[in-house]
Amino acid sequence: MTVVTTPPPPRLPVRRKARQDARGALSPMLTRLADEGATGVLVRERGTLHLVEGRVVDAESPYAPGIDVLLTAGGALNAAAWQEAYAATGGPAGAARRLVDSGRLSAGALELCHLGALFDAAYFALAPSSTPGRFRYGTTAPPAVPRGMPVAVVERETLRRRALLHGVWPHAAVDDAPLVRTGAPAGPALPPRRRAVLDRVDGSRTAPAIARELGRRAFATLLDVRRLAAAGLVAPAPADPADPKAPPRSGATDPYVALLKRVRDALEAL
Amino acid sequence: MPGIDECLLDAMRLPGALGAALVDWTSGLALGTVGEAPGGDHETTAAEAAELARLAAEHRAFAAGDGEAGGPPDPPVEDVIVSNRDSYHLLRFVPASFDHTVFLHLWLARTDGNLALARIRLGEMAARLVLG
C-alpha cells in the first residue's frame, strides 16, 4: 500500500496586531498634529481632544461624565460649591482650580479626577467615526491640571482599552444600546460596584447614562456592563421596528458608503 | 499640597524602594510611575498589578466584616502584599471620595526593604494624596 503524503497547507496570513503599529492607527490626523506640536481643539464625532503643543491636556465626550459630575456625585464636593466656583470663573477648569486654591479640594484628588476623566473621554473621542474630524488651531482655555499626556500614550491606552473590553465580552452592542435584564438570577457573589450598575438596568438606560447617574467613569461602567453581559445578566434591548425614534440602520453595509468611507480615510491619512 | 508625582517620589524615599506607580485597577492604566519596573515595563506591570488588585477588591472573601452603617466601605480592601525571593510588592488602595479606583504600587528590594514601615507610610501617603 502506498501512503500518499500531502504537503501541509500553507500557513494562513496573520494580520499584524494593531498594537504593534499603534501609531496613527486611531486617527492619522491626531498623529500628524502631535508631530507638528499643534495647539488647538480636535473635534471628532464622539468627543473632542484639547491639544497644547502636541500633547493632550483635556478631553470631553457626551458619553463620558466630566469632572463636575464625577466630583459632585461621589460626595467629594457638594454641588453648590461647584456651582459657585463655576459661576465665579466661568468654566470647569477655572472652577476646579479655584476649589483647590480655597482648600476645598486637594490637588491630588483633582489630578486623579482630571486624568481619569481625560482617558475616559479620549476613549470615546477616538472611537471609530463615520465623519471626519476637524481641528481648530488656536489656544484653548487653560486646563484644570497643566499636566498633558503625549498623544502616543493616549492612543496606546485607547487601543488597550478596546482590547480589554473585547476580551471580556466581544459584542459591542451593549455599549450604546438601552439595556435590559435577562432575568437570570444574579449570584450573591456580584461585587458591590457591579451590583449598583445592574440595579440601574431598566430597559431604557444605556451604559453611559448609568455611568452619569452613578457619577462614575464611563469606561469602567462599560467594563462592568460587558462583565454582566458575559455572565448572562444583561443584554441590549431588542430594537422595536415600530419605533419611529429608533435610529436608522447604519449604512455600513451599503457598498457605496463603505467605498466613500475608505476614500475619506485615505484622504485623511495623506 | 501633594500631587501624584510628589506622592510617588515620597514613596521612593522609603528604604529599599525600587519603583512605584499609581494605577487604576478597573482599567489597568498607570497614572504615574517612578523608578524601575519589574521586567522593565511600567505599563505591563500596571496592567498585571491591576488584575490582582481587582480580584482582591471584588471578591467577597477579602472584604472586611459587615456591620457598618452606610454600605460597604470603598475600597473594601486596604492593601495586598506579595513577596518573592528577592522583593516585596505592596499595593495600597487609595481611599475614594469620588469615583476613582486607584492604588499605589510599591516595589521593594527584600534586602533593605522594611515591609511594616512601608505599609504604614504608604497608607499615610495614599490618604494624603486625596485628602490633602
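The structure displayed is predicted, hence computed values, not measured ones.

Draft legend 1. Quick look at the confidence of the model for chain A. Residues and elements named next belong to chain A. Confidence along chain A averages 84 in pLDDT terms, with 87% of residues attaining 70 or more. Ranking the elements of chain A by mean pLDDT puts helix 11 (residues 255-269) last with 75 and helix 10 (residues 218-230) first with 94. Contacts for the low-pLDDT stretch residues 248-252, under 50 throughout, to residues beyond four places or in other chains number two contacts.

Draft legend 2. Layout of the sheet that holds strand 4 (residues 87-93) of chain B. Residue and element names in this part refer to chain B. Pairing in this open sheet of five strands is antiparallel, and the strands run 2-1-5-4-3 from one edge to the other. One side of each edge strand has no neighbouring strand; the edge strands of this open sheet are strand 2 (30-35) and strand 3 (79-83). Shown here is a sheet whose adjacent strand axes are inclined to one another by a mean of 10°, direction ignored. Sheet topology places strand 1 (residues 17-24) next to strand 2; five bridges connect them, and they run antiparallel. Its bridge partner lying in strand 2, alanine 21 is registered against threonine 33. Across the sheet, helix 3 (residues 115-131) lies against strand 1, strand 3, strand 4 and strand 5 (102-109), angled at about 30° from strand 4, the strand it touches most.

Draft legend 3. Expanded view of the packing of aromatic side chains. As enumerated under the stated definition, the model contains seven aromatic pairs over all chains in all. Here the aromatic rings of Tyr123(A) and Phe124(A) are separated by 5.2 Å at their centres, their planes lie at 85°, and the arrangement is edge-to-face. The buried category is assigned to Phe124(A), whose relative accessible area is 4%. With centroids separated by 6.1 Å and ring planes inclined at 50°, the aromatic side chains of Phe93(B) and Phe103(B) adopt a geometry described as tilted. Remark: Phe103(B) occurs in strand 5 and Phe93(B) occurs in strand 4; sequence separation between them is ten residues. This pair shows no difference in class: Phe93(B) is buried, exactly as Phe103(B) is. Cluster of aromatic residues (ring-pair linked, three or more members): Tyr63(A), Tyr123(A), Phe124(A) and Phe219(A). Arg46(A) extends its terminal NZ or CZ atom over the ring of Tyr63(A), reaching a point 4.4 Å from the ring centre. In this arrangement the basic side chain of Arg161(A) is found over the ring face of Phe219(A), its NZ or CZ atom lying 4.7 Å from the centre.

Here is what the cut-offs are and how they apply
- Residues numbered from 1 in each chain as written.
- Chains lettered and ligands numbered in written order.
- Predicted model: local features only at pLDDT ≥ 70, side-chain atom pairs only at ≥ 80, totals over all residues.
- Heavy atoms only, no water.
- pLDDT = per-residue confidence, 0-100.
- Helix = DSSP H or I, 4+ residues; strand = E, 2+ residues; numbered from the N terminus.
- Contact = heavy atoms within 4.5 Å.
- Pairing = 2+ DSSP bridges.
- Axes fitted to C-alpha atoms, helices over the stretch in contact; angles between N-to-C directions.
- Phe/Tyr/Trp six-rings, centres within 6.5 Å; stacked < 30°, edge-to-face > 60°.
- Buried < 20%, exposed > 50% of the residue type's maximum accessible area, 1.4 Å probe, protein only.
- Lys NZ or Arg CZ within 6 Å of the ring centre and 35° of its normal.

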